[in-house]
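# Structural overview
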Amino acid sequence: MNIVNSNLSKRLGEEIGAIFQQLGFEPEFGQVVRATKPEFGDFQCNGALACAKKNGKNPRELASEIGILLANNPILTKVEVAGPGFLNLFLSDTAISNRANEIAQDERKGARLVENPLKVIVDYAGPNVAKSMHVGHLRATIIGDSLKRLFRFRGDQVWGDAHFGDWGFQMGLLIATLSIEHPDLPYFDENFDGEYPKESPVTLADLERIYPEAASRAKTDENYRNIARRATAELQNGRKGYRALWQHFVNVSREALKREFSALGVEFDLWLGESDADKFIPDMIEDLEHKKLLVEDQGAKVVFVHDKMVPAKDGGERPNVPPLLVVSSEGSAMYGTTDLATIVQRKKEYDADLVLYCVDQRQGEHFESVFRASDLAGYLRRDQLEHIGFGTMNGNDGKPFKTREGGVLKLHDLIQMVREKAAVKLNEAGVATDLPEEERAQIGDMVGMAALKFADLQNFRGTSYVFDLDKFLSFEGKTGPYLLYACVRIKAILRKADEQGVKTGKIEIQEMQERDLVLILDGFENALNGAYEKRAPHILADHAYALAGAFSSFYANCPIMSSTGETRESRLALAKTTLGQLEIALDLLGIKAPERM
Ligand code: ARG
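Below is a summary of the structure that appears in this document.

How each quantity is defined
- Residues numbered from 1 in each chain as written.
- Predicted model: local features only at pLDDT ≥ 70, side-chain atom pairs only at ≥ 80, totals over all residues.
- Heavy atoms only, no water.
- Buried < 20%, exposed > 50% of the residue type's maximum accessible area, 1.4 Å probe, protein only.
- Helix = DSSP H or I, 4+ residues; strand = E, 2+ residues; numbered from the N terminus.
- Pairing = 2+ DSSP bridges.
- Right-handed = clockwise from strand over helix to strand, strands pointing away.
- Axes fitted to C-alpha atoms, helices over the stretch in contact; angles between N-to-C directions.
- Contact = heavy atoms within 4.5 Å.
- 1 Å grid on protein atoms, 1.4 Å probe; cavity = no way out; pocket = protein on both sides within 12 Å on 5 of 7 lines; lining within 4 Å.
- Points joined across faces, edges and corners; volume = space filled by probe spheres on them.
- Nonpolar A, V, L, I, M, F, W, Y, C, P; charged D, E, K, R; others polar.
- Phe/Tyr/Trp six-rings, centres within 6.5 Å; stacked < 30°, edge-to-face > 60°.
- Salt bridge = Lys/Arg side-chain N within 4 Å of Asp/Glu carboxyl O.
- Near = heavy atom within 4 Å.
- Polar contact = N/O pair within 3.5 Å; in protein donor to acceptor, adjacent residues only side chain to side chain.
- Areas by Shrake-Rupley, 256 points an atom, 1.4 Å probe, with all protein chains shown as cover.
- Core = buried A, V, L, I, M, F, W, Y, C linked by side-chain atoms within 4.5 Å.
- Parallel < 35°, antiparallel > 145°, perpendicular 65-115°, else oblique.
- Left-handed = near helix turned anticlockwise from the far one by under 90°.

### Focus on the pairing of strand S5 (residues 119-124)
- Within S5, five of the six residues are buried, which leaves it mostly tucked inside the rest of the structure.
- Bridging between S5 and strand S6 (residues 157-161) involves five bridges; their strand directions are parallel. What sits directly across from Ile 121, in S6, is Trp 159.
- Regarding the hand of the β-α-β motif, the stretch spanning S5, helix H5 (residues 135-153) and S6 is right-handed.
- The sheet contact formed by S5 and strand S12 (residues 354-358) spans five bridges and is parallel. Residue pairing across strands places Asp 123 opposite Tyr 357, the latter belonging to S12.

Here it is, written out as structure tokens:
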């Protein structure tokens, strides 16, 4: 058996599984987990209980039988049958030291690659033209970016796509308002055949003023709403002046958005928009008609995707999943139309096996309609499309976070606030105070981003959490700054060793804390796998925190630089390995640690 890079729990699970098989049972019963208490050993296997129940056996007898067969396993020093039929497994120091050396030499620090890499698109952030990003976009960005990194690290081929909102009714609203405010602009003159100005007639600030006004006016002013609807349809049908004007909106917005993403340390591989799916729409509509999926419904065209009717609020019945609106009564493409056409595009141009949509869970129903329509039409299957929903970041009142004035907090202002507060925290904690001003500012930014991202990612994404900057920025507890501090501390030890010419050596564990640390290092693969399978970065965040904690107890009990000889070399190697794994884990959360602070 190839044991390199197989973590201890997997290895043990397979070996015990083989024994179950030898006795005529399924090997899955062999699975082991970390023991809950040190007196229960290092790992435990609870499979004898379930297996005995299923096969009408006595669980304790079955466990003893397995224990006997396991007894001469070279990596175990002791096997105990406990309680109703648990197997407690005690590993030898040699097995643990060997595993530690394997991880130390592995550049992936114990993490395996997936066996069958997939082509994956992560659709995340979802910024829009004319709207500056707000706190709601923060989670979509942070979680999506982490999943993109995680999938890529595991060996899948991944594209992160911003899926820029640049094509729907909002565009018509902007055009309508400008046509009323500035009818003299050449974009509105249908007979104009010169070259349109290079300079945008609007700034981002203009767009941000126009959009909300237009959106609320459209709710009450029917005439205006119709102008905007017509403008949307004409833009989509290719009216030249509208396209030229729209291109300005797109450029102005995209530049501003890119600046914000770069402050968050987030980059996209693709910056495609809803508009890029437009060229796939005519053929898609024809295809849907051909497949008899497109149905006329009150002047619009929809795809029915429900599988049953359920009671509606008005006493009647409604489909359990709403139909997907493909062509509006004005002939426009809708949010669902571009989403469906984007699936066609992702299949055709990227041959995608899997698409993850990192979007607020309140859009769940929309995605269910889109995914079902895709499945029905034979584009991507339902199981290749996943909505990775998440809860909200709330204020102290338990409602989505608002500014003190009750408005929506812009992402830009939030980032600014975090940066300022991080600088204050550094001073209060006496961190980085003796470093040059410029470096201190950089460290402040890194601490701020780590605080914000870790606070978000440490919760299961479906859970909402309360924005508490003081807590997020603390250097103690389960926070980003604490983890950065752990990295920096190890870096300082390694620097000192380097200065004194001390080299790392073979890891030979002696103390309990060393053993614990290696077992945590060994758990990296399981954490990655769990985070990957469940699309849940918090599992990785938990691992990073546990690793930093285990290092801290190790360091408190096992001095490194003040010890000597092989012990010093072994401990130094353990410290270096911990740093390597911690930096990988943090990188997968989108977090970067400074060299010193
Ligand atoms: N722009 C959308 C919004 O602000 C999010 C886009 C999400 N992605 C998608 N494929 N629909 O709500």
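### Here we look at the sheet that holds strand S8 (residues 300-303)
- Spatially, the three strands line up as an open sheet ordered S7-S8-S11, and their pairing is antiparallel. Strand pairing shows two members of the sheet lacking a second neighbour, strand S7 (294-297) and strand S11 (324-327), which therefore form its edges. Between one strand axis and the next, the sheet turns through 45° on average, direction left out of account.
- Note: S8 against S11, three bridges, orientation antiparallel. Bridge pairing in S11 places Val 303 opposite Leu 324.
- Packing against the sheet, helix H10 (residues 281-290) makes contact with S7, S8 and S11, and its axis sits at approximately 120° to S11.

### Quick word on empty space enclosed by the protein
- Per the stated rule, a full pass over the model turns up one cavity of 30 Å³ or more.
- Size it by volume and the largest cavity reaches roughly 40 Å³.
- Forming the boundary of the largest cavity are Asn 128, Lys 131, Ser 132, Leu 204, Ser 253, Ala 256, Leu 257 and Glu 260.
- For the lining of the largest cavity, the residue count by class is three nonpolar, three polar and two charged.

### Quick word on the packing of aromatic side chains
- On inspection of all chains with the given rule, the structure shows 22 aromatic pairs.
- Between Phe 188 and Tyr 242, the aromatic rings sit 6.2 Å apart at their centres with planes inclined by 70°, giving edge-to-face as the arrangement. Of this pair, Phe 188 sits in the loop between helix H6 (169-181) and helix H7 (204-220) while Tyr 242 sits in helix H9 (residues 240-263), and the two are 54 residues apart along the sequence.
- Overall, Phe 188 belongs to the buried group, its relative accessible area being 14%.

### Description of the pattern of salt bridges
- Considering all chains together, one arrives at 43 salt bridges under this definition.
- Linking Glu 525 and Arg 154 is a salt bridge whose minimum nitrogen-to-oxygen distance equals 2.9 Å. Taken together, the residues Glu 525 in helix H18 (residues 524-533) and Arg 154 in the loop between H5 and S6 connect sequence positions 371 residues apart.
- The partner of Glu 234 in a salt bridge is Arg 239, with the nearest N and O atoms 3.2 Å apart.
- With a relative accessible area of 17%, Arg 239 lands in the buried category.
- Taken together, the shared-partner salt bridges in this structure form one network comprising Asp 145, Lys 148, Arg 149, Arg 152, Asp 269 and Asp 587.

### What about the site of the ligand?
- In the vicinity of the ligand, the contacting residues are Asp 123, Gly 126, Asn 128, His 137, His 163, Tyr 335, Asp 339, Tyr 357, Val 359, Gln 363 and Phe 367.
- Asp 339 has a polar side-chain atom sitting 2.8 Å from a nitrogen atom of the ligand.
- Between an oxygen atom of the ligand and a side-chain N or O atom of Gln 363, the distance comes to 2.8 Å.
- Calculation on the ligand without its partners gives an accessible area of 350 Å², and the protein chains cover 86% of this total.
- When the residues that make up the shell around the ligand are grouped by side-chain class, the tally is four nonpolar, five polar and two charged.

### Regarding unusual backbone geometry
- Of note in the backbone geometry, Asp 351 takes a positive phi value of approximately 50° without being a glycine.
- Residue Asp 351 is classed as partly exposed on the basis of its relative accessible area, which comes to 45%.
- Of note, Ala 432 is a non-glycine position whose phi angle comes to about 65°, a positive value.
- As for its placement among the helices and strands, Ala 432 is situated in the loop between helix H13 (411-428) and helix H14 (437-457).
- Ala 432 sits in the buried class, given a relative accessible area of 3%.

### Remarks on the nonpolar core
- The biggest cluster of nonpolar side chains holds 160 residues, and the ones touching the most others in it are Phe 20, Leu 91, Phe 249, Leu 414, Leu 586 and Met 597.
- Looking at this core, the element that brings in the most residues is helix H20 (residues 565-588), giving ten residues.
- Each residue touching Leu 414, except ones within four places of it in the same chain, is listed here: Val 135, Leu 138, Met 393, Leu 409, Leu 452 and Phe 467.
- Among the nonpolar cores identified, the runner-up in size contains 36 residues, and Leu 270, Phe 280, Ala 333 and Leu 380 belong to it.

### A few points about the side chain of Glu 525
- Among the residues examined, Glu 525 registers a relative accessible area of 8% and is labelled buried.
- A polar contact is formed between the side chain of Glu 525 and the backbone nitrogen of Arg 112, at a distance of 2.8 Å.
- Sequence-distant contacts of Glu 525, that is, excluding residues within four places in its chain, are made with Asn 7, Gly 110, Ala 111, Arg 112 and Arg 154.

### Points about the environment of Asn 320
- With respect to the helices, strands and loops of the structure, Asn 320 is situated in the loop between strand S10 (317-319) and S11.
- As for Asn 320 and His 306, which are separated by 14 residues in sequence, their C-alpha atoms are 5.6 Å apart.
- Excluding residues that lie within four positions of it along the chain, Asn 320 makes contacts with His 306, Asp 307, Lys 308 and Val 310.

### Overview of the packing of helix H19 (residues 538-557) against H20
- Between H19 and H20, whose axes approach to 10 Å, the crossing angle comes to 160°. As far as their axial angle goes, H20 and H19 are roughly antiparallel. Crossing hand, H19 versus H20: left-handed. Facing Leu 540, His 543, Ala 544, Leu 547, Phe 551 and Phe 554 of H19, the residues of H20 in contact are Arg 571, Leu 574, Ala 575, Thr 578, Gln 581, Leu 582, Ala 585, Leu 586 and Leu 588.
- Classifying every residue of the contact of H19 with H20 by side-chain character gives eleven nonpolar, three polar and one charged.

### Quick look at the packing of H5 against H14
- Running from N to C, H5 and H14 cross one another at 80°; their axes reach a closest spacing of 10 Å. Taken together, the axes of H5 and H14 are roughly perpendicular relative to one another. Each of Leu 138, Arg 139, Ile 142, Ile 143 and Ser 146 in H5 lies in contact with H14, whose residues at this interface are Leu 452, Lys 453, Asp 456 and Leu 457.
- Grouping the constituent residues of the contact of H5 with H14 by class yields five nonpolar, one polar and three charged.

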